[in-house]
Structures are given as C-alpha cells and as structure tokens.
There are 2 protein chains.
Amino acid sequence: MLTDALAGLAGELDDDLLVTDPQVVAAHAGDQVPGLSSGTPLALVRPRTTQDVATVLRWASAHGVAVVPRGAGSGLAGAANAVDGAVVVSLAAMDRVLEVNPADRYAVVQPGAVTATVDAAARTHGLSYPPDPASKDFSTIGGNIATNAGGLCCVKYGVTADFVLALEVVLADGSIVRTGHRTRKGVAGYDLTHLMVGSEGTLGVVTEATLRLVPAPLAAATLVAFFPTLESAGRAVAAIAADGLSPSLLEIMDATTIRVVDEAHRMDLDRDAAALVLAQCDTGPRAADDIAELAVRCEAAGAGFVASTDDPAEGEALLAARRAAYPSLERLGTTLLDDVCVPVSALPAAIAAIEGIAERYELLIGTFGHAGDGNLHPTIVHDASSADRAAKAFDDILTAALGLGGTITGEHGVGRLKAHRLADELGPAGIRLQHAVKAAFDPAGILNPGAVLPPLP
Amino acid sequence: MLTDALAGLAGELDDDLLVTDPQVVAAHAGDQVPGLSSGTPLALVRPRTTQDVATVLRWASAHGVAVVPRGAGSGLAGAANAVDGAVVVSLAAMDRVLEVNPADRYAVVQPGAVTATVDAAARTHGLSYPPDPASKDFSTIGGNIATNAGGLCCVKYGVTADFVLALEVVLADGSIVRTGHRTRKGVAGYDLTHLMVGSEGTLGVVTEATLRLVPAPLAAATLVAFFPTLESAGRAVAAIAADGLSPSLLEIMDATTIRVVDEAHRMDLDRDAAALVLAQCDTGPRAADDIAELAVRCEAAGAGFVASTDDPAEGEALLAARRAAYPSLERLGTTLLDDVCVPVSALPAAIAAIEGIAERYELLIGTFGHAGDGNLHPTIVHDASSADRAAKAFDDILTAALGLGGTITGEHGVGRLKAHRLADELGPAGIRLQHAVKAAFDPAGILNPGAVLPPLP
C-alpha cells in the first residue's frame, strides 16, 4: 500500500528527486548527535523548488507519513535523526543565494545555502552575516534557523534568530506562507518568524530566508589570559561584560581542557591554571586599545598571565587552543558533547559543578564554551565501559544548569536528545502550551515527530 | 445573570479590585488611537497579583466574557479600545521593579512599571533599558511588550522585542506559564516569548517580564542637516547606515513638517529644504569624531547646511524641532497619526508618495520618523469636513508602503485600527495561520477580540 503511495509521490515529482536506494536513504537518516540511533526512513526526497516541498508535504499529509527535514546533517541534538517509515526531505540542493541587497542590508537565500557561503556573498558588498557556528563551513542556513544556531561571535552580534527577518515556509498541509518583513521594524501580526526559528522542522519547512546583514567587521585584536581560580576567571568575564567593552569573542576553557589540548598539541599552555579566557575586539583601528582595556580587567580580576596582539596571524595562533578543544577531547574516546547556558555570573559555579560531576562519576569532562554568553559545552569522554556513567553525568549537568537558573540547551537545540528533559525547564503548563502551538501548525503530527517536544503525559 | 456572574467575580477578588462605576469604567475603555470609538465594558478590574489576573481569566473563560487588558492606555492603534460587555483588566497597579541584576544585566518587572522608571532603576547600576517610545514617561512595560514598542534609539539598540528575555503569562483559561530564560542564549522549546511580544493582549496577559539591560549610553554628540531634495537626504541616510557608523538616533522630517514646526516655534529652520535629518552618536569621548564622520556623509550626499555639537544642551536644542513635530501638527486640527515602515532605500520614494497623496486629497500631511529604520509617521491634519478624505489618505499610505516592500505598521501595532488591512500584508494563508495560533492560545476567543486579527473570511 505504502509502495503505491510512494509511487504516487514519485509521479508528482521530477524523476531524480525521490530516492529509495536503502544505502543513500540511510546516509541521510541522522545527524551528528552522539549516542542516539536513527530509525529507518522509507525514502529521501531532494526538492529543488518550494513547489517540490509543497508537493511532498501535501502527499505526506494525505497519507499520514512522517516528514523529517534536514540540511547538512551537522546538528548535534538529533533533530534530523529520522524515524521509521518517514520521508526525509533534504534541502541541500536548494542552496542558492538569491539576492544580496547592500542598500537595505539583507540577503535572500535558500535553506540549503551553506552558512559560510552566505557570509562570503555578503562580504563582496562590504557586509557580513555574523552567526558562526563551528560547523559554518558546511552547515546550512536552514539548519541554522531550525536550531537557532549560535557560535563564537554571538557575544557581540547575537544568534541566528537575531538575523532572520522573514521566511517562506511550507506548512504541514502543503500550503505556503510568508512570515516577517524586509524592513528593520514591523509589528503586523504575530511574530511567526521567530516562532519558526529553533523549531527544528516540527512546525513547517523553511524554503527561503531573508537575513539581516551588518557591515563587515574590522580587523580584530586578540587576548589570552590564564587564571589561577575559576572565580577569578568569572570575575574577569563579568567585568568585561559589565563595562560594555563589547568583545566580538569571549571564550573560556577549564583546567581539564587546557591539559588535554596541551598534551595533544604542546602549546606551552599553563597546566596549573584553573581557566583560560580568550577574547577578541573587532574594532579595527581601535582594537588594540579595546583589547588593552580587556587586559586591564583580566589583571584586576587576578589573571596570572595575559598576552595580547593586534596581529591577525598571531591572534589566530592564540585562538588555536580554543579551536583544538573539542578535537583534542575527541582523540581520547567517545564524546558526549553537552550544551548548557547559565547566567554569566554563575559561570564559575557551573564549571565547578561539572568538575564535581566528573569526580563523582570518575569521568574526564572537559568544559569550554562561550563565556560571554554563559554558554558551556562540557564534553564527556568515555568508552563502552563508562557509557552508562557518561549518560548519567550528561543528565546531571542539565540538572546543575537548571539549578543555577540556566537552560538545558543554549545553542544546539533540544532535538531528540533532550526532549525528555524539556518539562524540567518549562513545567507542565509550559509543555501543554508548546503542544498547543505544535497542533496549530501540524494537527496530524507528521512534521519531525519526536523532536523538541516530549509526548503529552 | 451577568450581574450574578460579576458578583461571583467580586467575591473571588479583594474588595477594591473590581470597579463597576460607569464613569471610572468608561475612563479605562480606550487608548489614544485617533478616530476610533470604544465599546462599553461591563467592569474594570485592577489586579495586584498574578493570582488576581488568573482569577479574572478563569472567571471570564467560565462565563464567556471578553477581557481587554490595558497598561497606561497610551497605545495608538486601539488595541486597548474595549468591546461592549468586556471586562477591562488594568495592569497599572502591578507597577513594581522587582529586581535589577547588574551582574547578569537583567531586570524583573511587573507589567504596570512605567518604561522610564525601569530605565531609571537600571541607571542606578550604570545600566540602561534602551527602548524609548515617545510615551516612555507614562507608558508601561506591559503595553510596550503588547505592541512591541519602538522609539528613537531603535536604530542602534533595537525594539522592545530585542530586550525581552522571559515572561510570566496568564493564559485565557487562567493557567500561568513562564516563557524564555534569563540567560543570554537558550533554545529549549518554541520561542513563545517573542510570540507574545506584539500580540496586543490577544494571546495572554503578561504579569511579569525579565528584561535585558545594557551598559548605560555615554554622552552623545548631535548633528542636524538640511537637504535640498528627498533623494539627497535618502542618500545620506543610506550612506550612514551602510558604513556601520551606528548612530543612536537617525531621524527625518519632510518639508511640510519643517514648515509647520517653524511656523509654530520660529526656530529659523530652512523652509526651502526638502528634508531635515537629525543624528546622534552616544559614544562618549568618540562621539564628536563619530558625528563628524556622519557630517562628511551628509555633505557628500548634498546637504545644504550641516551643524553639529557635542554639547548635550545644544544637542537637545537641535532635537527640539523633531520633538515639536507632532505637537506642531496637532495644533492645526485633528490628526491621524500613521506608522508605516519601508526599506531604508525606499525612504525618498515613500515620502514622495505621501506628498502625492496629500496633494491628491488636498490635505496637510506632515511626515517625520525614524529614518535609520525606514519607519515613518505621516500625520494627516484634518477637520470634520475633510475627515473622509483623511481616512482615504490614511489607507492609501498603507497601500503605498506595501507597494514599496514595507509594512502597514512599524511600531504602533495593528490594534483595531489596521486589522482590516492585515490580509493585504500577510495574504490569506498567513491570516489562516495567525488565526490557528490565536486559537491555540485562546480557543474561545475571549482575549481582546477584534484586536490584531480580522475575522476569518
């Protein structure tokens, strides 16, 4: 029966858009989430137009088939892990930058456009698209929008949501809507644009996005500072934030991460330090002065060693330790990469809590992340024998973040990885309301079932 | 019967919270929208706690009574114009600033807190709450959130939505939910916080808001420039925006407004100019240099006269013309204040279109507004004999804005004033989706019926 239905869909699409080859389909069945397996989808569709997407969704609604949209599959929370019997819709082929408008500073792009490609297109006009998830060289705008992706520069520029002006969305029933506006301001109707951002393909499929651009950043100066205690590092971060010095990057690494990176790369890092803080100011001619101000704050907070440079190559070298953090931890075993966010003032307490969890479960947990936003990526290294303890530690880290007034996910998303913990953050009334919104968009529940929301109790 | 029901509500609330005195009730039946009359509500409730609000909404749901929430009643689109038989819920008494947290830069406030009071509370910690609608000295945060209020500083700092981190909301059935988070980032579940912002009391009643604060601005330098043509003024605005010079204020006044202000106040304005542009940079020690850069852009674009100052009192004097714009127009008759937003590049075309509409209907229309955002406030002066023409001109201005890729409302909201035009901007599928969202929050339609959404066709 379903084969007949699939044949019907094939008949409505151009020849090469529907793929049922099990190997190809399986290769599109999951994302980069650690430790979560995917189901076996029925087929893969690779639409080239909004109408193709509408055709698939109309068909899926008529036949009650689940649809799992995906971009590059670089997500870290399993939002693109397909369920059994679903049709996977890959937006990767809809990858064009349709327009860059320098006068009004926006770009119109298809969902499969690669993040770095969009930024590069903006740069040819002296503009930039700031959001810079670590995956920016291969992640797509559609995936960034689905997860509300963050990155290093959020501390100054904001997250993906701050750059989405308008969307074209195909709804579950195949109808096509446009949300938002190209103007800087606009309050005509409910803000469905930002409801879509972060909804992980559970409310509709984004087929076009209008993105806000900003003037390209100027040259950056860079600072590195080692701190003898977590508290002193926390004081430095808080002081930098409070003074409005507006760094374009403000990162932290804990003692474990420092040691692991130094063992892997022999960078002469201070292995006795409790934390390393990295900062950049991208203010061109003012950058050296601005970074000097940051250095003063670090020293006042108790930094043991501070170095800075306004040479771009030297700055990149200083950042190498941070860029090596996750790969260095990955060398040591299987990793569970977490993503919690706490108020900036709670950073030292959060790192200390994670260190306590590492001790309790006798695990190596390296913590690094976006200090200026309070967004940490504790990375739990384990092997088969410690997988159970790792899962418990992962869960305890979420609990610790909530206890500090934080959230279970700062920028990776809930996906299928954390849906079972969402009620701990939102409460039963919050979950009921989230389900009501989901039902308004997708009454039959065909869009990416199992992502974001836990089942109603 | 309804009297019995009201008596039941009275029994559930503290003695002085429910008011049925027709004069007091009538005084709370509308906002500042021009030319729209309100209905006759049944009663006024002045809750002091979230539980009071929940009690009212539970009661209203049980009895099918409409609820019209209001703050200061300074709205300009009729969102607080009550309907017949409604209960008006004034949040004005819930006016406390509950917490200012300087370390994590947020404030927790009740909805009735006055905008300027929240900013003043932040300033005592060296911080600020930037959104600055013209009504900020009496408007409330709840009203600002309901309409997603803008203001002069949006060009640099953003609108109200950009400062709302988390909300406590009472839903139509009386249940209480919390949305959002106090952290800088967070993607746990759908973003219902920003769905609430701008929803004009039609999805729930905000009873507490957590607001992002920023470091207090530094001293500002100010510039005024007169332009011989709309095009030259538009070039200047575009050049300033494109270079990332980040003015904290970038305003425009057209020839009609210049003349009317000068006639009222004898400010020696250049009445031959086609437009006046005002700008500020609030960058303290760098402000004079920054404003000099802006002056260069204005001269290059063809400004006839440019003056600037870094003296705060002189700067305030230069702004006097802009602050006098609406009051000067108001002296001349009844006014219809509009609020459209277009792409910044379309500013000259928008002003020219409005001038054409003024000629066509033989009306005085003064246009001023937030040039840096493309947000214009054409103000139509009329009397009883020209009221019909004024209404038509108002409508034509909305059509012109849409034709230029703009929106029917930049910062005042749809309210009851523009609901009949919303479909022209969102299309039938968009309106259906907006209604589905409304129904998810308020299935019986008791929350502020008639605001935002037109009836379904």
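Keep in mind that what you see is a predicted model, and the values were worked out from it rather than measured. (Residues numbered from 1 in each chain as written. Chains lettered and ligands numbered in written order. Predicted model: local features only at pLDDT ≥ 70, side-chain atom pairs only at ≥ 80, totals over all residues. Heavy atoms only, no water.)

This part takes up the domain arrangement of chain A. Many descriptions give the size of an interface as the accessible area lost when the pieces come together. Residues and elements named next belong to chain A. The domain boundaries assigned to chain A delineate domain 1 (2–90), domain 2 (97–215) and domain 3 (221–403). A C-alpha centroid distance of 28 Å is found between domain 2 and domain 3. Facing seven residues of domain 2, the contacting portion of domain 3 comprises 13 residues. For the pairing of domain 2 and domain 3, the buried interface totals around 750 Å² over both sides, and the portion due to carbon and sulfur atoms is 55%. On the domain 2 side of the interface with domain 3, the three residues burying the most area are L152, V155 and K156, jointly 78% of the side's total. Remark: the boundary between domain 2 and domain 3 carries one salt bridge. Where domain 2 packs against domain 3, one counts two residue pairs in polar contact (both at pLDDT 80 or more). A per-class count over the side of domain 2 that touches domain 3 returns five nonpolar, one polar and one charged. (Domains from an automatic or database assignment. Contact = heavy atoms within 4.5 Å. Buried area = accessible area lost by both parts, 1.4 Å probe. Salt bridge = Lys/Arg side-chain N within 4 Å of Asp/Glu carboxyl O. Polar contact = N/O pair within 3.5 Å; in protein donor to acceptor, adjacent residues only side chain to side chain. Nonpolar A, V, L, I, M, F, W, Y, C, P; charged D, E, K, R; others polar.)

Residues and elements named next belong to chain A. As a packed pair, helix α13 (residues 347–360) and helix α14 (residues 387–403) sit with axes 10 Å apart at the nearest point and diverge in direction by 155 degrees. In terms of their interaxial angle, α13 and α14 are classed as roughly antiparallel. The element α13 and its partner α14 pack so that their crossing is right-handed. Taken together, the residues of α14 that come into contact with α13 (itself represented by A353, I354, I357 and R360) are A393, D396, I397 and A400. Looking at side-chain class alone, the contact of α13 with α14 contains six nonpolar, no polar and two charged residues. (Axes fitted to C-alpha atoms, helices over the stretch in contact; angles between N-to-C directions. Helix = DSSP H or I, 4+ residues; strand = E, 2+ residues; numbered from the N terminus. Parallel < 35°, antiparallel > 145°, perpendicular 65-115°, else oblique. Left-handed = near helix turned anticlockwise from the far one by under 90°.)

The final tally for this structure, using the stated rule, is five cavities of 30 Å³ or more. Roughly 60 Å³ of internal volume is contained in the largest cavity. Contributing to the lining of the largest cavity are V342, P343 and V344 of chain A together with D104, R105, L165, R182, T183 and R184 of chain B. By residue class, the composition of the lining of the largest cavity is four nonpolar, one polar and four charged. V340, A350, I354, L376, I397, A400, A401 and L404 of chain B together form the lining of the second largest cavity. When contributions to the lining of the second largest cavity are tallied by element, the ones reaching two or more residues are α13 (347–360) and α14 (387–403) of chain B. Looking at the lining of the second largest cavity element by element, the count peaks at three residues for α14 of chain B. Residue composition of the lining of the second largest cavity, by class: eight nonpolar, no polar and no charged. (1 Å grid on protein atoms, 1.4 Å probe; cavity = no way out; pocket = protein on both sides within 12 Å on 5 of 7 lines; lining within 4 Å. Points joined across faces, edges and corners; volume = space filled by probe spheres on them.)

Attention now goes to the state of the cysteines. Residue and element names in this part refer to chain A. Evaluation of the coordinates by the stated rule reveals zero disulfides over all chains. Not engaged in a disulfide, the cysteine C281 finds its nearest cysteine sulfur in C298; these two sulfurs lie 10 Å apart. What makes C281 buried here is its relative accessible area of 0%. (Disulfide = S-S within 2.5 Å. Buried < 20%, exposed > 50% of the residue type's maximum accessible area, 1.4 Å probe, protein only.)

The UniProt entry lists residues 37–216 of chain A under the feature "domain: FAD-binding PCMH-type" (unreviewed entry), expressed in the numbering used here. In this annotation, residues 37–216 of chain A is assigned 22% helix and 24% strand; the end-to-end C-alpha distance for the span is 40 Å. (UniProt positions renumbered as here; feature names shortened; annotations may be inferred.)

Moving on: the pairing of strand β13 (residues 249–254) of chain A. Residues and elements named next belong to chain A. With six of six residues buried, β13 lies mostly within the body of the structure. Where burial is concerned, the two faces of β13 agree: the one with L249, E251 and M253 and the one with L250, I252 and D254 are both buried. Pairing between β13 and strand β14 (residues 275–281): six bridges, direction antiparallel. For M253, the partnering residue across the bridge sits in β14 and is L276. Relative to strand β18 (residues 364–370), β13 runs antiparallel, the two sharing two bridges. Each residue of the ladder has a partner; that of I252, found in β18, is G369. (Pairing = 2+ DSSP bridges.)

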